[in-house]
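Structural description and commentary
Each chain, letter by letter, is given below.
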Amino acid sequence: MTAKIKPSKGVPYARIMGVGGYRPTRVVPNEEILKHIESSDEWIRSRSGIATRHWAGPEETVAVMSVEAAGKAIADAGISPEQIGGVIVSTVSHFKQTPAVATEIAHLIGAGKPAAFDISAGCAGFGYGLTLAKGMIADGSAEHVLVIGVERLSDLTDLEDRATAFLFGDGAGAVVVGPAEVPAIGPTVWGSEGDKSETIKQTVSWDVYRSETGVRFPAITQEGQAVFRWAVFEMAKVAQQALEAAGITSDDLDVFIPHQANMRIIDSMVKTLKLPEQVTVARDIETTGNTSAASIPLAMERLLATGQAKSGDTALVIGFGAGLVYAATVVTLP
């Protein structure tokens, strides 16, 4: 049978060309959280490693934060907005089901008419977006793709829930993905475990909230111990698979950037993976909190900005969260 469809004109490899981040101006210390729950600063720090988090003001919308992060990433990549052929936004806290906030962001940054869409993959969303961007470049449907993870989780936080009130923060992180001459984004190990979807969830669905009176505004809740065990033991296996898929070992790593869910989870994963001491580990959660899809690019941006990581470093990134979903890959830092 003769093929009638032309082959794609893409390139086999992709890389992260630039990174940018935005943290809201308001810094919220643990003391403010303690006005709503019976706990202590020591307990919060020991349970999560979090001392402060950033919460967005009314003007710091999902779109506004994304535009700020995107502008930095585009400048860091050394390209113009017109060269962006795709905009992928991972978020669970944009309250409009449609249209996708990606289309608004594409317009605000002056990107022309790129493919633009939102994805909902929780804390694994950045990894999902990175993989989709890589595919778009290989397919030839875009030469440069903007991947954004952004959250306003303060809107979905129940301040009276002692298990989660202190966890979440707001912010946006973005990267520009473009063509490469050598592999710079490894194969992605991703998946889901739907039988555990109840461990992290929204308290009530929007239709229930609309139809029932007296129902509290939806918030994010989770079964902390179940999530902890799953993240530490199962995600360490996924991280190891990502290393193997990239053809390297932990000794080849320079940087480890896990989803900033909990300091105890991060430290436990480092031990389980037996990472060498010279590997730099992102611990942005201490001052940023858990920003879900934004956490990996925000942590990446901070490591590069502070000199803890440098251009060309080999980094393992892994995101995991509601669903339960996960995505891990090895990348070369821009």
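Preceding block: the structure.
Keep in mind the model is a prediction, meaning the values are calculated, not measured.

Bringing helix H5 (residues 125-139) into the picture now. An α-helix turns once every 3.6 residues. As a result, residues three or four positions apart point the same way. A rise of 1.5 Å per residue sets the reference length of H5, with its 15 residues, at 21 Å; its end C-alpha atoms lie 21 Å apart and thus fit the reference within 8%. All of the buried residues along H5 are Gly125, Phe126, Gly127, Tyr128, Gly129, Leu130, Thr131, Ala133, Met136 and Ile137. Backbone geometry just downstream of H5 places Gly140 in the positive-phi region, at approximately 90°.

Turning to the packing of helix H7 (residues 224-246) against helix H8 (residues 263-273), a few remarks are in order. The geometry of a pair of packed helices is captured by two quantities: the angle between their axes and the separation between those axes. Two elements in contact, H7 and H8, have axes separated by 9 Å at closest approach and are oriented at 40°. Between H7 and H8, the angle is such that the two are oblique. As H7 runs across H8, the sense of the crossing is right-handed. Packed against H7, whose contacting residues are Phe228, Ala231, Val232, Met235, Ala236, Ala239 and Gln240, the element H8 presents Arg264, Ile265, Ser268, Met269, Thr272 and Leu273 at the interface.

The tally for this structure, following the rule as stated, stands at 14 salt bridges. Arg23 is the partner of Asp284 in a salt bridge, and the nearest nitrogen-oxygen pair spans 2.9 Å. One end of the pair, Asp284, is in the loop between strand E12 (280-281) and helix H9 (285-288); the other, Arg23, is in the loop between strand E1 (13-22) and strand E2 (26-29), with 261 residues separating them in the sequence. Of the residues examined, Arg23 reaches a relative accessible area of 15% and is grouped as buried.

So, about the pairing of strand E3 (residues 52-55). Burial along E3 is two-sided: Thr52 and His54 and Arg53 and Trp55, pointing in opposite directions, are all buried. Relative to E3, E2 is paired through four bridges, and the arrangement is antiparallel. Bridge pairing links Val28 to Arg53 in E3.

Attention now moves to unusual backbone geometry. Here the residue pair Thr98 and Pro99 is connected by a cis peptide bond, since its omega of 0° sits within 30 degrees of zero. Its place among the elements puts Pro99 in the loop between strand E4 (86-90) and helix H4 (101-108). Of note, Lys274 is a non-glycine position whose phi angle comes to about 55°, a positive value. A relative accessible area of 70% means that Lys274 is categorised as exposed. In this structure, Ser292 takes a positive phi of about 55° despite not being glycine. Along the chain, Ser292 turns up in the loop between H9 and helix H10 (295-306). What makes Ser292 buried here is its relative accessible area of 4%.

Calculation rules
- Residues numbered from 1 in each chain as written.
- Predicted model: local features only at pLDDT ≥ 70, side-chain atom pairs only at ≥ 80, totals over all residues.
- Heavy atoms only, no water.
- Helix = DSSP H or I, 4+ residues; strand = E, 2+ residues; numbered from the N terminus.
- Expected span 1.5 Å × (residues − 1).
- Buried < 20%, exposed > 50% of the residue type's maximum accessible area, 1.4 Å probe, protein only.
- Axes fitted to C-alpha atoms, helices over the stretch in contact; angles between N-to-C directions.
- Parallel < 35°, antiparallel > 145°, perpendicular 65-115°, else oblique.
- Left-handed = near helix turned anticlockwise from the far one by under 90°.
- Contact = heavy atoms within 4.5 Å.
- Salt bridge = Lys/Arg side-chain N within 4 Å of Asp/Glu carboxyl O.
- Pairing = 2+ DSSP bridges.

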